[in-house]
Amino acid sequence: MLLQSLAEPAPGSLHSPHPQRRHSTLKRLALVLLLALAGSVQPAMAQTGPSGKVDCIAPAQPGGGWDFTCRSVARTLQTLSLIPAAMQTINVPGASGGVAYSHVRAKRSSDDDLIVAASTATTTQLALGNYPDGSADKVRWAAALGADYGVIAVAKGSPYHSLTQMLDDLKADPGSVTFSGGDVAGGFDHIKVLMAARKAGVKHIRQIKYLAFDSGSVAITQLLGGHIDAFTGDLSEAKSFVDSGDLRILAVFAEDRLPGELADIPTAREQGIDVVAPNWRGFYTPAGASEESYRWWVKTLDALYASPQWQQVMTRNGLLPFHKSGDKLTAFVNQQISDIREIGSELGMAK
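None of the values given here were measured: they were computed from a predicted structure.

Some points on helix 8 (residues 216-224)
Residue pairs three or four apart in sequence face the same way in an α-helix, which turns once every 3.6 residues.
Here is step 1 of the chain: Of all the positions in helix 8, only Gly-216, Ala-219, Ile-220 and Leu-223 are classed as buried. Summarising the axial view, the buried residues of helix 8 lie within an arc of 100°, below the 170-degree limit, and thus occupy one face.
Here is step 2 of the chain: Summarising the contacts, the buried residues of helix 8 are in contact with strand 4 (139-155), strand 5 (178-181), strand 7 (230-234), helix 9 (235-243) and strand 8 (247-252).
Here is step 3 of the chain: Immediately downstream of helix 8, the backbone of Gly-226 shows phi near 85°, a positive value.

Here it is, written out as structure tokens:
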């Protein structure tokens, strides 16, 4: 109807006894129409986020931390209407995240509609060279949405009342303190003790004793039984034992003191040991995805983290505040990998 009205002007409006002038007027109006149509199409062409279903790869079997990260973020994104359609979780287990990492690089390296769950376990494997042809710059780090911070704790009757007191003993004799953890030797529980010891100036850190158990709770049981001197693990593993009065935390490896009832726990930093060791949870995206898509994911995950709904998810599941995204997360990941690689090389674990 609009085109018809342009071609057949109403009497007294566009009608002119001069055909050339009328033709010129119609050309100008046609140009205005084209520009208007172009303007109405532009927002759709500028769409940088997903237009339909998106995928989240959890690099493990259902039920673990990476699976939780994908599924809880998917539910919250949909609740907040931050994505246009569903986000499905795809489990790709194997090699502590290595199978998923290789799959993304080989099969979905430029997929704008994909994010992959990651954590400190991911950076540890990259640092030790356990992913084939793997390095941090072969994916893009989008956002971290919470963390479970590392701690060093002792039994209530322990003679140690500060981290520096314990590290002074290790400087005098690296084998004088035996640690327990629910991670393998060379895993992050072990490595964060070694990072703290290195920062304190302990020599011969390979002589520090570490015993690995099947879980953090088993490691703490060994400590409370008097068989071990100290526990290294995550705060969530130790908290119930702290609440019961059986454990005393010497330090939490956080940037600042934690909120609420956890504010009484001193950080390693304030005791002169500049080590931050969060088991963070977040995402990376394929390296070949578009810049617009990457920025969309960063912005969207920032909005998710700031929402009351996500803060409730964190509280219910024991996650503590830790949020970095885009360039800041990339810088943090690179530093974390560098720190872990130094320890791994000294212990002969890095490839």
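Brief notes about the pattern of salt bridges
When charged atoms on two side chains of opposite charge get close, those side chains can pair.
Here is step 1 of the chain: As enumerated under the stated definition, the model contains 19 salt bridges in all.
Here is step 2 of the chain: The partner of Glu-261 in a salt bridge is Lys-239, and the shortest N-O contact between them spans 2.9 Å. Of the two residues, Glu-261 sits in the loop between strand 8 and strand 9 (278-286) while Lys-239 sits in helix 9, which places them 22 residues apart along the sequence.
Here is step 3 of the chain: Note on Glu-261: relative accessible area 63%, which makes it exposed.
Here is step 4 of the chain: A cluster of three or more residues bridged by salt bridges with shared partners is formed by Lys-53, Asp-55, Arg-108 and Asp-111.

Observations regarding the packing of aromatic side chains
Here is step 1 of the chain: Evaluation of the coordinates by the stated rule reveals seven aromatic pairs.
Here is step 2 of the chain: Relative to Tyr-131, the ring of Tyr-101 lies with its centre 5.1 Å away and its plane at 35°, an arrangement referred to as tilted. You can see Tyr-101 sitting in helix 4 (residues 98-107) and its partner Tyr-131 sitting in the loop between helix 5 (120-127) and strand 4, a full 30 residues away along the chain.
Here is step 3 of the chain: Among the residues examined, Tyr-131 registers a relative accessible area of 3% and is labelled buried.
Here is step 4 of the chain: Consider the rings of Trp-141 and Trp-280, whose centres lie 6.2 Å apart with planes at 80°: the pair is edge-to-face. Of this pair, Trp-141 sits in strand 4 while Trp-280 sits in strand 9, placing them 139 residues apart in sequence. The burial state of Trp-141 is the same as that of Trp-280; both residues are buried.
Here is step 5 of the chain: The ring of Tyr-294 carries Arg-140 above its face, with NZ or CZ at 3.8 Å from the centroid.

Quick look at the confidence of the model for the chain
Here is step 1 of the chain: Across the chain, the average pLDDT comes to 86, with 87% of residues at 70 or higher.
Here is step 2 of the chain: Predicted confidence in the chain is weakest over helix 1 (residues 2-7), with a mean pLDDT of 33, and strongest over helix 6 (residues 163-172), with 98.
Here is step 3 of the chain: A low-confidence stretch, residues 1-47 (pLDDT under 50), is modelled with 15 contacts involving residues beyond four sequence positions or located in other chains.

Thoughts on helix 3 (residues 65-79)
Here is step 1 of the chain: The end-to-end C-alpha distance of helix 3 is 21 Å, a good match for the 21 Å that 15 residues give at a rise of 1.5 Å each.
Here is step 2 of the chain: Within helix 3, burial applies to Trp-66, Asp-67, Thr-69, Cys-70, Ser-72, Val-73, Ala-74, Thr-76 and Leu-77.
Here is step 3 of the chain: At the C-terminal side of helix 3, Ser-81 shows a positive phi close to 55°.

Examining the environment of Gly-98
Here is step 1 of the chain: Relative to the helices and strands, Gly-98 resides in helix 4.
Here is step 2 of the chain: Take Gly-98: its relative accessible area is 5%, and that puts it in the buried class.
Here is step 3 of the chain: Distance from Gly-98 to Tyr-131, taken between C-alpha atoms, is 5.1 Å for residues 33 residues apart in sequence.

What to know about the state of the cysteines
Here is step 1 of the chain: Counted according to the given criterion, the structure contains one disulfide.
Here is step 2 of the chain: The disulfide bridge from Cys-56 ends at Cys-70, spanning 2.1 Å between sulfur atoms. Taking the torsion about the sulfur-sulfur bond, which here is approximately -75°, the covalent link between Cys-56 and Cys-70 counts as left-handed. Note that Cys-56 is positioned in strand 1 (residues 54-58) and Cys-70 in helix 3, a separation of 14 residues in sequence. For the pair shown, Cys-56 and Cys-70 are each scored as buried.

Observations concerning the nonpolar core
Here is step 1 of the chain: The biggest cluster of nonpolar side chains holds 75 residues, and the ones touching the most others in it are Trp-141, Ile-152, Met-166, Phe-179, Ile-208 and Trp-280.
Here is step 2 of the chain: Per-element tally for this core: the top contributor is strand 4, with 10 residues.
Here is step 3 of the chain: Ranked by size, the runner-up nonpolar core spans 25 residues in total, among them Phe-283, Trp-297, Trp-310 and Met-314.

Concerning the packing of helix 10 (residues 291-306) against helix 12 (residues 326-346)
In a pair of packed helices, the angle between the axes and the distance between the axes together describe the arrangement.
Here is step 1 of the chain: Interhelical geometry of helix 10 versus helix 12 gives an angle of 90° and a closest axis separation of 10 Å. It follows from the interaxial angle that helix 10 and helix 12 lie roughly perpendicular. Residue-level inspection shows Tyr-294, Arg-295 and Val-298 of helix 10 in contact with helix 12, the latter providing Gly-326, Asp-327 and Thr-330.
Here is step 2 of the chain: Grouping the constituent residues of the contact of helix 10 with helix 12 by class yields two nonpolar, two polar and two charged.

So, the pairing of strand 8
Along any regular strand the residues' side chains alternate between the sheet's two faces.
Here is step 1 of the chain: Counting buried residues along strand 8, five of its six residues qualify, which places the element largely inside the surrounding structure.
Here is step 2 of the chain: Pairing geometry for strand 4 and strand 8, over five bridges, is antiparallel. Residue pairing in the sheet places Ala-153 in a bridge with Ile-249 of strand 8.

What counts, and at which threshold
- Residues numbered from 1 in each chain as written.
- Predicted model: local features only at pLDDT ≥ 70, side-chain atom pairs only at ≥ 80, totals over all residues.
- Heavy atoms only, no water.
- Buried < 20%, exposed > 50% of the residue type's maximum accessible area, 1.4 Å probe, protein only.
- Helix = DSSP H or I, 4+ residues; strand = E, 2+ residues; numbered from the N terminus.
- Arc of directions from axis to C-beta.
- Contact = heavy atoms within 4.5 Å.
- Salt bridge = Lys/Arg side-chain N within 4 Å of Asp/Glu carboxyl O.
- Phe/Tyr/Trp six-rings, centres within 6.5 Å; stacked < 30°, edge-to-face > 60°.
- Lys NZ or Arg CZ within 6 Å of the ring centre and 35° of its normal.
- pLDDT = per-residue confidence, 0-100.
- Expected span 1.5 Å × (residues − 1).
- Disulfide = S-S within 2.5 Å.
- Core = buried A, V, L, I, M, F, W, Y, C linked by side-chain atoms within 4.5 Å.
- Axes fitted to C-alpha atoms, helices over the stretch in contact; angles between N-to-C directions.
- Parallel < 35°, antiparallel > 145°, perpendicular 65-115°, else oblique.
- Nonpolar A, V, L, I, M, F, W, Y, C, P; charged D, E, K, R; others polar.
- Pairing = 2+ DSSP bridges.

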